Amino acid sequence: MARVISVGIVPRGTYDFRGLRGGSVSMPLVQRVDVANADTLALELWVHDGQVPNGARLVLHAASDGSADGSDAAPLLQTRTAAGESIANFVVDSETVLPTFQLIPIPTEHIGRRLALLLEVSGGPTDGPKLTLAIDLLVRETAASEPLVEPIITAPDAEDSASSACMGRIATAAREALAAARPRPRRYPRWREIVV
Amino acid sequence: MRFVEWVIKPSTFCNLRCRYCYEWNGLDDRRRMPLETWRKLVTAIVAYHQTMVAAGEVGVGTRVILHGGEPFALPVGYLEKILDELRSGARAGGIDTALTICVQTNLTVLTPRILDLIETYGLRVGVSMDVVPGMRLSIQGATTEALVMRNMDRLRERGLRFGAITVLARHTCPAIDAIFDFWAAHVVDMRFLPLFAGPAERDMAAFDVGEDALVGALCRLFDRWMASTVAIEVSPLDEWLTTVVRHRLGASAPAYDRRTQGESVWVVRPDGSLFMTNEVGNETRSLGSVAERRIEEVLRGAAYHASLRRSDALTTAVCTGCEFRRACDGYPAHTEAFEPRAGRRCPVTHRVYRHIDRHLERLALGEQELRALAGTAA
């Protein structure tokens, strides 16, 4: 069975380019992600919310990161293959219905050892885009022919999971558990919904 | 409040071709439940409710869930007729105040008339949407998620609340975090439904997923839910959490027993035939048809009693010796599709129970701590 590791590489955040009128900017979001052992790669782009005015757009590019270990030199971020085609990208423009989710496969043969992500943003005539997004990287570790994927179970640290919301849910469950333990000569199962 | 649910398929016709749909072979079948059969079904619904009340149950509710196929792909005039029949039958039987009507929809057909229908009849809406595109396709093969999102906005604009169901399969298991985030961002109560068995004519390779992946996704979902600050229900994890907490408290839940508790869920096919939820699609397991027999006759029939014996055998095989037996009412064994044998536990639920139990262990929540938590203000 193939195993897919899901790594959150861009936490949820808001990118505000509303002041960008007519121009464009390109910025690296993530660099030096070591993917040397990956058989297949895919990005999970999640756009939670946003506004993209007419004429504006945002393009997420996957890039091969030519950084060398220990080097302070500016990295060479290559977004195109030797044939001049984009390695992988996804466009969000005014036609895109938000929120949206997109799985973006990345052909590993065009990525060297390291992966980078670039954001290319173009403003419209009057306004630029503003988006709230997050990106996960899916790395499959076994042969590409293996069809099945299985996410890794990653438990949060205890101190993180013991948030007030978490404890509130457990307290609610405890109250329900104790209530159900009271004598009830007849009852229906608590089926709120169905299984079909 | 205890509910008797009637999951009714007026037709299996659908405007979509979701690749994993267990009704795959009937999606282009435009036949509808005849009105005469519908009226007999309403009689059965009312009679069964009255039987429960007469047996001494207090606070019984009846919930009718229009299912399919796609209910909203049926002519609005037909929907109005069956809803009128249902309401007048319930009123005549004195159960109208205990009746809730729901509809499970793909939300791709939402005309102004259907919006009016939802409002007029007070329908509660459940939206089927996987968030991850690729499986829920139109007949032409187009993705539908963007349309559903727009229609969700239209429901909100009318002030109509809804819940969501997402199917756990190959496409959704790896993206479980993003899917949770999506529904949480919209503050929509969500239910995750592991892939259901269905006809082999479907392209199984496109969506099939193993038990390990289902368990992994549900465990990860549990962790995500626990870490979230959004106040939303996540089913079935909310019930499973209660079961595990009950286990750690040393408390017990009344065991699932159809003989003493009566039925909670009936599934009705377009021809009026009745099924248990875990036997839908197996025509040899029909309990009889309300088009041909009154509900009292169905309950006395050989098919129904054979069904009870199967339930008993399933509970005995799967639940005997399970460490969660007293805390769990045994119902999960009757919802998962698997071949039961003595000593085999519920393939998915049992493993997720253990994950939840470890989570509570890490938080050092034993009986004393949980009792203290239960005493805190709600």
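Here the structure is a predicted model, which means the values were calculated and not measured.

Procedures and definitions
- Residues numbered from 1 in each chain as written.
- Chains lettered and ligands numbered in written order.
- Predicted model: local features only at pLDDT ≥ 70, side-chain atom pairs only at ≥ 80, totals over all residues.
- Helix = DSSP H or I, 4+ residues; strand = E, 2+ residues; numbered from the N terminus.
- Buried ≥ 20, exposed ≤ 12 C-beta atoms within 10 Å, placed from the backbone.
- pLDDT = per-residue confidence, 0-100.
- Pairing = 2+ DSSP bridges.
- Right-handed = clockwise from strand over helix to strand, strands pointing away.
- Core = buried A, V, L, I, M, F, W, Y, C linked by C-beta atoms within 7 Å.
- Contact = placed C-beta atoms within 7 Å.
- Expected span 1.5 Å × (residues − 1).
- Axes fitted to C-alpha atoms, helices over the stretch in contact; angles between N-to-C directions.
- Parallel < 35°, antiparallel > 145°, perpendicular 65-115°, else oblique.
- Nonpolar A, V, L, I, M, F, W, Y, C, P; charged D, E, K, R; others polar.

Our focus in this paragraph is the overall build of chain A. The secondary structure content of chain A amounts to two helices and nine strands. Its helices and strands taken in sequence order, chain A reads β-β-β-β-β-β-β-β-β-α-α from the N to the C terminus. When burial is assessed residue by residue, chain A has 33% of its 196 residues classed as buried.

The subject of this paragraph is the confidence of the model for chain B. Residues and elements named next belong to chain B. In this model, chain B carries a mean pLDDT of 91, and residues with pLDDT of at least 70 account for 99%. Confidence, expressed as mean pLDDT per element, reaches its minimum in chain B at helix α6 (residues 204-207) with 82 and its maximum at helix α2 (residues 76-92) with 98. Confidence estimates for the predicted assembly give a pTM of 0.71 and an ipTM of 0.80.

Residues and elements named next belong to chain B. By the criterion of burial, strand β2 (residues 60-66) is predominantly enclosed, with six of the seven residues buried. Two elements, strand β1 (residues 2-8) and β2, share seven bridges in a ladder whose sense is parallel. Across the sheet, residue Ile 8 finds its bridge partner in β2, namely Leu 66. In terms of handedness, the path from β1 via helix α1 (residues 35-54) over to β2 forms a crossover that is right-handed.

We now examine the nonpolar core. Residues and elements named next belong to chain B. Formed by 143 residues in total, the largest nonpolar core has its most connected members in Leu 218 and Leu 221. Looking at this core, the element that brings in the most residues is helix α7 (residues 211-227), giving ten residues. Residues within four places of Leu 218 in sequence aside, it is in contact with Phe 192, Val 348 and Val 352.

Next up on the list: the confidence of the model for chain A. Note: predicted coordinates in regions of low pLDDT should not be interpreted at a detailed level. Residues and elements named next belong to chain A. Here chain A shows a mean pLDDT of 77. Residues at 70 or above account for 73%. The least confident element of chain A is helix α1 (residues 158-161), whose mean pLDDT is 43; the most confident is strand β4 (residues 57-65), at 95. Predicted confidence for residues 182-196 stays below pLDDT 50, and this span has 37 contacts to residues more than four positions away or in other chains.

Further remarks concern the sheet that holds strand β8 (residues 265-268) of chain B. All names here are of chain B. If you trace the nine strands from one edge of the open sheet to the other, you get β7-β6-β5-β4-β3-β2-β1-β8-β9, paired in mixed fashion. Since the sheet does not close on itself, it has two edges, and those belong to β7 (234-235) and β9 (274-275), each with one partner. Looking at chain direction, β1 and β8 are connected through four bridges and run parallel. Paired with Trp 6 across the two strands is Trp 266, which belongs to β8.

Residue Gly 68 of chain B is joined to Gly 69 of chain B through a cis peptide bond whose omega torsion reads 5°. Residues Ser 235 of chain B and Pro 236 of chain B are joined by a peptide bond in cis, for which omega reads 5°. For Arg 32 of chain A, which is not a glycine, the phi torsion comes out positive at approximately 60°. For Arg 32 of chain A, the location among the structural elements is in strand β2 (residues 24-34). According to the C-beta neighbour criterion, Arg 32 of chain A is partly exposed, with 13 such atoms within 10 Å.

Moving on, we get to α1 of chain B. All names here are of chain B. If you check α1, its first and last C-alpha atoms are 28 Å apart, about what 20 residues at 1.5 Å a residue would give, namely 28 Å. Those residues of α1 hidden inside the fold are in contact with β1, β2, α2, β8 and α10 (295-300). Following α1 by one or two positions, Gly 56 adopts a phi angle in the positive range, close to 105°.

Attention now moves to the packing of α2 of chain B against helix α3 (residues 112-120) of chain B. Residue and element names in this part refer to chain B. Two numbers describe how α2 lies on α3: the axes approach to 11 Å, and their chain directions differ by 10°. Considered as vectors, α2 and α3 are oriented roughly parallel to each other. Across the interface between the two elements, Val 76, Leu 79 and Glu 80 from α2 touch Arg 113, Ile 114 and Leu 117 from α3. Taken together, the residues that form the contact of α2 with α3 break down as four nonpolar, no polar and two charged.

Moving on: the environment of Arg 124 of chain B. Residue and element names in this part refer to chain B. Among the secondary structure elements, Arg 124 is positioned in strand β4 (residues 124-128). Its 16 C-beta neighbours within 10 Å are what place Arg 124 among the partly exposed residues. Separated by 38 residues in the primary sequence, Arg 124 and Leu 86 have C-alpha atoms spaced 15 Å apart.

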